[in-house]
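Take a look at the letters that make up each chain.
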Amino acid sequence: MSSKTRFRSTGITRRGLLGGLAGGLLLPRMASAGVAPTGPVVALEYGIASTMLTLGAVPAAVASLDGWQKWVVEPAMPPEVVDLGSAWEVNLEILAGMRPELILTTPFLAFLRPKLEPIAPIVSIDVYGAGGGDALERAIDETVKLGDILGHQQQAAAFLGEAQALFEDCATRIRRLRPGPIAVVSFTDQRHARIHGRPGLYHSVMQRIGVENAWTVETNMWGFQTIGIEELGRLQADRTRLVVMEPLPPDVPAALERSTLWQSLPFVRQKQVSTMPAVLLFGMVEEARRFARLLTEHLERLA
Amino acid sequence: MTARSLSLPAGGFGAPAIVLLLTAAAAFLAWQNAAPSLAAWGNAPAEYDPARMLLLYSTLPRMATALICGAALALSGTLFQQVLRNPLASPTTLGVSAGASLALSLGVLFAPALIGIGRDLVALAGSAAATALIFALGARRGFSPFSLVLSGLVVSLWCGAFSSILILLNDRYMVSLFIWGAGSLAQQSWDIPLGLLPRIGLLAVLAVAMARPMALLEIGENSAGALGLSVSQLRLAAVAVAVGLAGFVVSAVGVIGFIGLVAPAITRLAGARRVSSQLLWSPLIGAALLWFTDESVKAMAGVVSDFLPTGAVTAVFGSPLLLLLLPRLKAMHRSVPEARKPLPPLITPSSRNLILVFAVFAVLLAGALFFGRTPDGRWTWLGAAEWDAVLPMRAPRVFAALGAGAMLAVAGTILQRLTNNDMASPEVLGVSAGATIGVAISLFVFVSPALGVQIGFAAVGAVVIIAVIFVLGMRSGFAPERVLLAGIALGAMLDAFIGVLAASGDPRALTLIRWMGGSTYSVDAESATTVCVLAVVFILLALATRRWLDLLPLGAVAARELGIPVSSARGLLFLLAAVLSAGATLVVGPLSFVGLMAPHLSREAGLTRALPQLLGAALAGGGLMVLADWGGRMMAFPYQMPAGLVSALVGAPFLIFLLLRRRA
């Protein structure tokens, strides 16, 4: 532990410091001045892991790594990263064996605290959950905090700058396209779907780049609502488009094909339905950026 | 169907009245729910009218699906009940739906291509497999009503445990599996109702064709046989039709629990006695009942924004009926008298065997503590250098599993000796389910109850269930299978309750599901110590009651003559079993079946007297649970499976094995 380099603590932000304190239970030496960890840092959640990768830090281990390729896709996870097992029951033996210097977790995994505390300091990255508020703004705040904690402030600032520029660029392009309201859904089976709305990340991004969300009902804490597909009949506004997120269960398209109700929906009749590659729903800025980019490109291609 | 067969029995409430009432209520709710669509109806139809489309292609097909599924399940239940002469038989209680559901879950996860080819085939294969298993068991017991339903419910629980493991392994698929497992009736086309109609219709025609022969069966099997009727062929055909009916429904909309039990029961209560009138009225009542339930669910969904699958709701309201129906079982059917003579042990006790047992136990314990896998998945013994780092994490889990297993085993031994029933155990009697309900209540009363509070609530829940079993048991003279059935029915109720919580997305559901699974993950050094201390204290107390446990099985009179205060001794022993079960259930959940297995292992090892059996059972139970915990940690490494579920995968088949072996 003595080999740790002291971080040149000029750029620590108020938010970062408060965040670090609020994250609590950092070892005193870390909380006091922002010492960049040199040892392994593990991420118990996908959004945190992908943010780390974009900040140029590779997590030593990630929970539920099995599903990364299916649910997150980008950024690619380096092969040497260790799988910690499911997030609900993180494999403590592997975790402790890695002697991590820092564990990054979320408020949803608060029940793991007593197990994790003896292993390493914990910082909780809080984008979703009780606090409420705009998911994208919170993700940006937490990215700044993460940059401070990891000693990657410049990368964080650069990354957030790039992200802001991308959002601006997307917003400009969207203004040119002037799309109608858009509903974003993920099908769970032939008859049910999750539809995305406030206060989720997709909704936040759509707001940021000037796309109107067709689904105006407030959804749950994570920003989605489970519906029977017939409830899509509520989307009657002119020029509404339905964007379907992958992965799409294999038997869904055929079932929709046969459904007269589905065929009668305005956005189906006007051929305003399209599918888009997967973007992690419970993500942070990297996922927001991916969603903004994919959605804008998607709309441009269709225009 | 002739007019005569439809005539109502004198003085009966009347099945038609019930059908009318339910239909009227459902229609009223449907009218309310569809009011917006209907309001638009009068307007001149524009080129495209969304409300009209919704009515035509969602509301109406949903109604049709509810009616068809309700009728099919009720008909399936009636066939089962008639041909098995068992008022508790139904697709739900015989494990038909659970079998289909598990087969489909497996298909979705591991062979999606198979699902693409034929959902129906997969579902039917699952139903048929479950039914075949249950009937293989039932045939050996002369189709005794109790043992059939008992093995059906155990198979259901087993399928449920297996499905839970699949869900835990694939947590991002969880939502769709939950929706599907809970049976949602939402529709967007006529696909499902129109697909179901010919299948169900064909099977219904076959069922009607069997009405006359089944009526002959009513007069008694021997006379029916004398009239030239092949009873076994009829039985086989009727069961096949009933399985088909339920299997098609499950493959189309998921599991709709208990309609197949409730509708035939209402039909009988309404006075329909003849086979033909039951075959007519039960499907009508089932159809009206499911329609009514579904419209209620839709009306509720308007109030609470959460998604509520209809099947989960029918299960919650239907499962208590199983308990209410239990007393009727005696009036209608005599249960097959059970052989109480214990079977001879497989091995005889000797000092060599004893040493062997201890050696196996020591190896198990050492293996659980020191044998594991490295992060890259290789098998390895823990080097001494790592003890300090790893053992503090591993040891609490191993010792908590050990303590919990031992407590369950001792509780099981006490219950088996007290009730003179070798299938009694905390899990089978519903004592563990009671403890779980206690914890569920504590979760709703306090935000995050401390371990002590949880143990307290669990103990109260366990004591209440034991008291209920005791009272019910006294009334029925402790008819063993009746008591067992009540316990398993409680377990099914708990399952249904948690199903609704899970589908509604209540965050407390996750706590309960994790808890149901029985994972030792959350155990720390402190709680492991608590569990072990509890285990030692109460097992010592149990050992002190060995005289009671030796003499009480001889019967109350004999025991009293030998100077035992029978009622207070029984009361104390039941209380002791309750506390032991509560403590153990907190660690390993309600579904482990270790409390059932361990006393048997002990007796099979030749330990027949109370003291040796208790000790042997404690060792066996502790060992089994340690093994289950280790297996759960290793089998999907680095992902971990809860010990309770893992041992249920072994324990439920063991219960079935016992059912088989008990053929007198």
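Everything in this summary refers to the structure shown in the same document. Source: prediction; values computed, not measured.

Basis of the calculations
- Residues numbered from 1 in each chain as written.
- Chains lettered and ligands numbered in written order.
- Predicted model: local features only at pLDDT ≥ 70, side-chain atom pairs only at ≥ 80, totals over all residues.
- Heavy atoms only, no water.
- Helix = DSSP H or I, 4+ residues; strand = E, 2+ residues; numbered from the N terminus.
- Buried < 20%, exposed > 50% of the residue type's maximum accessible area, 1.4 Å probe, protein only.
- Contact = heavy atoms within 4.5 Å.
- Areas by Shrake-Rupley, 256 points an atom, 1.4 Å probe, with all protein chains shown as cover.
- Pairing = 2+ DSSP bridges.
- Axes fitted to C-alpha atoms, helices over the stretch in contact; angles between N-to-C directions.
- Core = buried A, V, L, I, M, F, W, Y, C linked by side-chain atoms within 4.5 Å.
- Domains from an automatic or database assignment.
- Phe/Tyr/Trp six-rings, centres within 6.5 Å; stacked < 30°, edge-to-face > 60°.
- Lys NZ or Arg CZ within 6 Å of the ring centre and 35° of its normal.
- Salt bridge = Lys/Arg side-chain N within 4 Å of Asp/Glu carboxyl O.
- Polar contact = N/O pair within 3.5 Å; in protein donor to acceptor, adjacent residues only side chain to side chain.
- Buried area = accessible area lost by both parts, 1.4 Å probe.
- Parallel < 35°, antiparallel > 145°, perpendicular 65-115°, else oblique.
- Left-handed = near helix turned anticlockwise from the far one by under 90°.
- Nonpolar A, V, L, I, M, F, W, Y, C, P; charged D, E, K, R; others polar.

Re the overall build of chain B
Part 1 of the argument: Within chain B, the secondary structure is distributed over 27 helices and two strands.
Part 2 of the argument: Residue burial in chain B is summarised as follows: out of 664 residues, 58% are buried.
Part 3 of the argument: Across chain B, the fraction of contacts at a sequence separation of at least 24, relative to all contacts at a separation of at least 6, is 79%.
Part 4 of the argument: For chain B, the computed accessible surface area is about 26,300 Å², with 70% contributed by carbon and sulfur atoms.

Considerations on the sheet that holds strand β4 (residues 102–105) of chain A
Residue and element names in this part refer to chain A.
Part 1 of the argument: Strands sit in the order β3-β2-β1-β4-β5 across an open sheet of five strands; the sheet is parallel. Of all strands in the sheet, those with a lone pairing partner are β3 (82–83) and β5 (122–124), marking the two edges.
Part 2 of the argument: The pairing of strand β2 (residues 61–62) with β3 spans two bridges and is classified as parallel. By the bridge assignment for β3, A61 is matched with V82.
Part 3 of the argument: This element, helix α3 (residues 46–54), spans β1 (41–43), β2 and β4 of the sheet and lies at about 135° to β1.
Part 4 of the argument: The sheet contacts of helix α7 (residues 135–150) involve β1, β4 and β5, and relative to β5 the element is tilted by about 160°.

Concerning the sheet that holds strand β9 (residues 241–245) of chain A
Residue and element names in this part refer to chain A.
Part 1 of the argument: Taken together, the five strands give an open sheet; going across it, the order is β8-β7-β6-β9-β10, and neighbouring strands pair in mixed fashion. Of all strands in the sheet, those with a lone pairing partner are β8 (224–228) and β10 (273–276), marking the two edges. Averaged over all pairs of adjacent strands, the angle between strand axes in this sheet comes to 35°, irrespective of strand direction.
Part 2 of the argument: With three bridges joining them, strand β6 (residues 182–187) and strand β7 (residues 192–196) adopt antiparallel strand pairing. Bridge pairing in β7 links F187 to A193.

Observations regarding the environment of R52 of chain B
Part 1 of the argument: Looking at where R52 of chain B falls in the secondary structure, it is placed in helix α3 (residues 50–84).
Part 2 of the argument: You can call R52 of chain B partly exposed: its relative accessible area is 29%.

Things to note about the nonpolar core
Part 1 of the argument: One finds F80, I414, L580 and F593 of chain B to be the most contacted residues of the largest nonpolar core, which totals 175 residues.
Part 2 of the argument: Counting residues per element, this core draws most heavily on helix α16 (residues 387–419) of chain B, which supplies 16 residues.
Part 3 of the argument: A domain split of this core shows at least three residues from each of domain 1 (15–328) and domain 2 (356–373 + 391–660) of chain B.
Part 4 of the argument: Not counting residues up to four positions away in its chain, the partners in contact with I414 of chain B are A542, L549, L573, L576, A577, L580 and L614 of chain B.
Part 5 of the argument: Judged by nonpolar contacts, the second largest core, of 60 residues, contains A43, V72, I140 and L281 of chain A.

Observations concerning the environment of P375 of chain B
Part 1 of the argument: As for its position among the elements, P375 of chain B is in the loop between β1 (371–373) and β2 (379–381).
Part 2 of the argument: Taking relative accessible area as the criterion, P375 of chain B reaches 46% and is therefore assigned partly exposed.
Part 3 of the argument: In this structure, the C-alpha to C-alpha distance between P375 of chain B and P638 of chain B, residues 263 residues apart in sequence, is 7.4 Å.
Part 4 of the argument: Setting aside residues up to four positions removed in sequence, P375 of chain B forms contacts with V82 and I94 of chain A together with F637 of chain B.

Considering the packing of aromatic side chains
Part 1 of the argument: Applying the stated rule across the entire model yields nine aromatic pairs over all chains.
Part 2 of the argument: Aromatic pair W262 of chain A and F267 of chain A: ring centres 6.2 Å apart, planes at 75°, arrangement edge-to-face. No difference in accessibility class separates W262 of chain A from F267 of chain A, as the two residues are buried.
Part 3 of the argument: With 6.0 Å between their ring centres and 35° between their planes, W379 of chain B and W630 of chain B make a pair best called tilted. Of the two residues, W379 of chain B is situated in strand β2 and W630 of chain B in helix α26 (residues 610–634); the sequence distance between them amounts to 251 residues.
Part 4 of the argument: An aromatic cluster is defined as three or more aromatic residues linked by ring pairs; in this entry it consists of F371, W379, W381 and W630 of chain B.
Part 5 of the argument: The ring of F224 of chain A is capped by R194 of chain A, whose NZ or CZ atom sits 4.0 Å from the centre of that ring.
Part 6 of the argument: One cation-aromatic arrangement involves R373 of chain B over W379 of chain B; the distance from NZ or CZ to the ring centre is 4.7 Å.

Some thoughts on the pattern of salt bridges
Part 1 of the argument: One pass over the structure, following the stated rule, counts 18 salt bridges over all chains.
Part 2 of the argument: The residue E93 of chain A makes a salt bridge to R394 of chain B at a minimum N-O spacing of 2.6 Å. A residue pair is termed interchain when its members come from two chains, as with E93 of chain A in helix α5 (residues 92–97) and R394 of chain B in helix α16. Neither E93 of chain A nor R394 of chain B differs from the other in exposure class; each is buried.
Part 3 of the argument: Among the salt bridges present, the one from E117 of chain A reaches R113 of chain A, with a minimum N-O distance of 3.8 Å.
Part 4 of the argument: A relative accessible area of 22% means that R113 of chain A is categorised as partly exposed.
Part 5 of the argument: Look at the salt bridges and you will find they share partners, linking E93 of chain A together with R394, R397, D629 and R633 of chain B into a network.

What about the side chain of E286 of chain A?
Part 1 of the argument: Relative to the helices and strands, E286 of chain A resides in helix α13 (residues 285–302).
Part 2 of the argument: Polar side-chain contacts of E286 of chain A include one of 3.1 Å to the side chain of R289 of chain A.

Description of the interface of chain A and chain B
Often the size quoted for an interface is simply the accessible area lost on bringing the parts together.
Part 1 of the argument: Taken together, the 46 residues of chain A in the interface contact 43 residues of chain B.
Part 2 of the argument: Buried surface at the junction of chain A and chain B, summed over both partners, amounts to about 4,000 Å²; 55% is from carbon and sulfur atoms.
Part 3 of the argument: Looking at the side of chain A facing chain B, the largest losses of area belong to E89, E93 and R191 of chain A, adding up to 20% of the total buried there.
Part 4 of the argument: Our enumeration of links across chain A and chain B arrives at three salt bridges.
Part 5 of the argument: Here E93 of chain A and R633 of chain B are joined by a salt bridge, their closest N and O atoms 3.9 Å apart.
Part 6 of the argument: On inspection of chain A and its partner chain B, the count reaches 16 residue pairs in polar contact (both at pLDDT 80 or more).
Part 7 of the argument: Broken down by secondary-structure element, the contributors of at least two residues to the side of chain A that touches chain B are α4 (68–71), β3, α5, β7, β8, α11 (260–264) and α12 (266–269) of chain A.

Overview of the packing of helix α4 (residues 96–110) of chain B against helix α11 (residues 231–253) of chain B
Residues and elements named next belong to chain B.
Part 1 of the argument: Remark: α4 packs on α11, axes separated minimally by 9 Å, with the N-to-C direction vectors making an angle of 45°. Judged by the inter-axis angle, α4 sits oblique to α11. Note on packing geometry: the crossing formed by α4 with α11 is right-handed. For the pair α4 and α11, the contacting residues are V96, S97, A100, S101 and L104 in the first and V243, A246, V250 and S251 in the second.
Part 2 of the argument: A breakdown of the residues in the contact of α4 with α11 according to their chemical character gives six nonpolar, three polar and no charged.

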